[in-house]
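# Coordinate inspection notes
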Amino acid sequence: MASRSRVLRPLALLAASAFAVGAFAADLKVGVISSLSGPVSALGIPYEKGIRAAHAQMPTIGGRKVELIVLDDASDPTTAGRNARKLATEDKVDVLIGTSGVPGAMAIAAVARELNVPLISPTPVSLPGAENGWTVSVSQPFELMVAAVVDKMKAAGVKTVAFIGFSDALGDLAYDSLVKSAGEAGIKVVANERYARTDSSVAGQVLKIVAQRPDAVFAGNSGTPGALPYLALAERNYKGRIYGTHGLINADFVRVGGKSIEGLEVPSGPVLVAEQLPADNPIRKVSMDFRAAYQKANGAPPVDAFSSYTYDAYLLLANAAARAKGEPGTPAYRQSLKDAIVATRELVGTHGIYNFTPDSRYGSDKRAVVIVRMEKGQWKLVP
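Just so we're clear, the structure is a prediction, and the values are computed from it rather than from any experiment.

### Overview of the overall build of the protein chain
- The helix and strand inventory of the protein chain stands at 12 helices and 15 strands.
- Taken along the three principal axes of its C-alpha coordinates, the protein chain extends 100 × 45 × 35 Å.
- For the protein chain, the proportion of its 383 residues judged to be buried stands at 54%.
- In the protein chain, of all internal contacts separated by at least 6 residues, the share reaching a separation of at least 24 is 68%.
- Side-chain charges of the protein chain comprise 42 positive and 35 negative groups, with the mean position of each set lying 4 Å from the other.

### A few points about the pairing of strand β3 (residues 64–72)
- The pairing of strand β1 (residues 28–34) with β3 spans 7 bridges and is parallel. When the bridges of β3 are listed, Lys29 appears paired with Glu67.
- Pairing between strand β2 (residues 60–61) and β3: 2 bridges, direction antiparallel. Pairing of Ile61 across the sheet is with Arg64, part of β3.
- As consecutive antiparallel partners, β2 and β3 are separated by 2 residues, and within that stretch Gly62 has a phi angle of approximately 60°, a positive value.

### Section: the packing of helix α5 (residues 142–155) against helix α6 (residues 169–185)
- The contact between α5 and α6 brings their axes to 9 Å, and the two run at 45°. Classed by the angle they form, the pair α5 and α6 counts as oblique. Classified by chirality, the crossing of α6 by α5 is right-handed. Within the contact between the two elements, α5 uses Phe142, Glu143, Val146, Ala147, Val150, Met153 and Lys154 and α6 uses Leu170, Leu173, Ala174, Ser177, Leu178, Lys180, Ser181, Ala182 and Ala185.
- The residue inventory of the contact of α5 with α6, partitioned by class, reads 11 nonpolar, 2 polar and 3 charged.

### A word on the sheet that holds strand β6 (residues 135–137)
- Taken together, 6 strands build an open sheet; the order of strands is β2-β3-β1-β4-β5-β6 and the sheet is mixed. Every other strand in the sheet has two partners, leaving β2 and β6 as the edge strands with one partner each.
- Pairing analysis gives 3 bridges linking strand β5 (residues 119–121) to β6, with the strands arranged parallel. If you follow Ile120 over to β6, its bridge partner there is Val136.

### Focus: unusual backbone geometry
- Residue Thr99 is reached from Gly98 by a cis peptide bond, and omega for that bond is 0°.
- On the secondary structure map, Thr99 appears in the loop between β4 (95–98) and α4 (102–115).
- Although it is not a glycine, Asn237 adopts a positive phi angle of roughly 60°.
- Structurally, the position occupied by Asn237 is in the loop between α8 (228–235) and β10 (241–243).
- Positive phi, normally seen in glycine, also occurs at Lys376, with a value near 55°.
- Lys376 sits in the exposed class, given a relative accessible area of 78%.

### Regarding α6
- Between the first and last C-alpha of α6 there are 24 Å, a value that for 17 residues agrees with the 24 Å anticipated at 1.5 Å per step.
- When α6 is considered as a whole, its buried residues turn out to be Ala169, Leu170, Gly171, Leu173, Ala174, Ser177, Leu178, Ser181, Ala182 and Ala185.
- Buried residues belonging to α6 abut α4, α5, β7 (160–166), β8 (188–195) and β9 (216–220).
- At the exit of α6 stands Gly186, carrying a positive phi of roughly 75°.

### Topic: the pairing of strand β15 (residues 378–381)
- In the sheet, strand β14 (residues 370–375) pairs with β15 via 4 bridges, with the strands oriented antiparallel. Residue pairing in the sheet places Arg373 in a bridge with Lys380 of β15.
- Between β14 and β15, which pair antiparallel in sequence order, lie 2 residues; one of them, Lys376, sits at a positive phi of approximately 55°.

### Looking at the nonpolar core
- Membership of the largest hydrophobic core comes to 57 residues, with the highest contact counts inside it found for Met153, Leu178, Phe218, Phe253, Leu264 and Trp379.
- Among the elements that line this core, the one with the most residues is α5, at 8 residues.
- Non-local contacts of Phe253, meaning those with residues more than four positions away in its chain, are made with Gly223, Thr224, Gly226, Ala227, Tyr230, Leu248, Ile261, Leu264 and Trp379.
- In this structure, Val66, Ile97, Val286 and Tyr294 belong to the second largest nonpolar core, which totals 37 residues.

### Quick word on the environment of Asp312
- Tracing the chain through its elements places Asp312 in helix α11 (residues 307–321).
- For the pair Asp312 and Ala54, spaced 258 residues apart in the sequence, the C-alpha separation amounts to 8.5 Å.
- Beyond its immediate stretch of four places on either side in the chain, Asp312 contacts Val138, Gly349, Thr350, His351 and Tyr354.

### Remarks on the side chain of Arg197
- By the secondary structure assignment, Arg197 is in the loop between β8 and α7 (203–211).
- Here Arg197 falls in the buried class, since its relative accessible area comes to 15%.
- A polar side-chain atom of Arg197 sits 2.6 Å from a polar atom in the side chain of Asp168.
- Those residues in contact with Arg197 that sit more than four places away from it in its chain are Pro39, Val40, Val102, Pro103, Phe166, Asp168, Leu170, Ser222 and Pro225.

### Focus on the pattern of salt bridges
- Under the defined criterion, the tally for this structure stands at 15 salt bridges.
- Put simply, Asp289 and Lys285 hold a salt bridge, and the shortest N to O gap is 3.0 Å. With Asp289 and Lys285 both in helix α10 (residues 282–298), this residue pair falls 4 residues apart, about one helical turn.
- Judged by its relative accessible area of 31%, Asp289 is partly exposed.

What counts, and where the lines are drawn
- Residues numbered from 1 in each chain as written.
- Predicted model: local features only at pLDDT ≥ 70, side-chain atom pairs only at ≥ 80, totals over all residues.
- Heavy atoms only, no water.
- Helix = DSSP H or I, 4+ residues; strand = E, 2+ residues; numbered from the N terminus.
- Buried < 20%, exposed > 50% of the residue type's maximum accessible area, 1.4 Å probe, protein only.
- Contact = heavy atoms within 4.5 Å.
- Lys, Arg positive; Asp, Glu negative; His and termini not counted.
- Charge placed at Lys NZ, Arg CZ, Asp CG, Glu CD.
- Pairing = 2+ DSSP bridges.
- Axes fitted to C-alpha atoms, helices over the stretch in contact; angles between N-to-C directions.
- Parallel < 35°, antiparallel > 145°, perpendicular 65-115°, else oblique.
- Left-handed = near helix turned anticlockwise from the far one by under 90°.
- Nonpolar A, V, L, I, M, F, W, Y, C, P; charged D, E, K, R; others polar.
- Expected span 1.5 Å × (residues − 1).
- Core = buried A, V, L, I, M, F, W, Y, C linked by side-chain atoms within 4.5 Å.
- Polar contact = N/O pair within 3.5 Å; in protein donor to acceptor, adjacent residues only side chain to side chain.
- Salt bridge = Lys/Arg side-chain N within 4 Å of Asp/Glu carboxyl O.

This is the structure we're talking about:
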């Protein structure tokens, strides 16, 4: 009997060990693509810092350890798409988050749709039909943000506005949004000038704009290259009003733009002025929690509005993963996670309160927009 007991004990231990292994939930793999180098890195680096702050604050979701795999797309859309394919097929990630520029985000969205991997984009991305099936965006849609700026133009008596922006998908989004909102407000768009993100001068384009004598200039750009039009306008002594997009709220843009961006008005998410929000505004608390998490993870407070987009993406993932069914690493789990993301309702983030539907992959509404003005190197809330 003693001999039999010695045999059964190891078997019992082995069975217990096997049960224990099965009891541990599989890791949740998150593939992050950001522009850590190249012309979009002024956005991409904050994006990475934001997702790492969120992960440090919440390293497990629903009892599952979260594994972050971060890749640099070098501000190149082709590389972004290639990274997405690698993360989905080789690393077997359950969800993609990225990237920093609209062209790159569109490339990732195409891969996400092809390989059936949910994508949470921190960048506004607009794709037709079925291409939107696996993608949502925590960034405010350009139409929403630009409409808020046009409201300020109208209140200021602007009758004509000139556009200058990137010669890519972001520029197209900004221009189309401006034309729509300006037309509804009775404001005439008198110019459509473009430049590449890598250009070092826009003097020719700005000369054409100044010749039109517009009441205002609106720039559809982002990051450090977004400063070029304002620098050129200041060199030409342009005295009209200047406006821009939410893609300009980062420290490098402010440093490069200097005095040329004094008075610039842009839309932003509430996080930028969280301390000025009413105490009962739910976005205020989440925004202050973000600031604390960012400070702890990075050793300094955030000075941009971009790191909080990936923080919101992580909050959205956490909320959806708590409702998703199945085991990570499987097609069934990806499908369930995507369905849970799209079913999100009234999730409070730093940039707004998110609601998604099968027909709307932007979760933001008017609660996600404030207007800020550059005053002596600081963004100030415009009443």
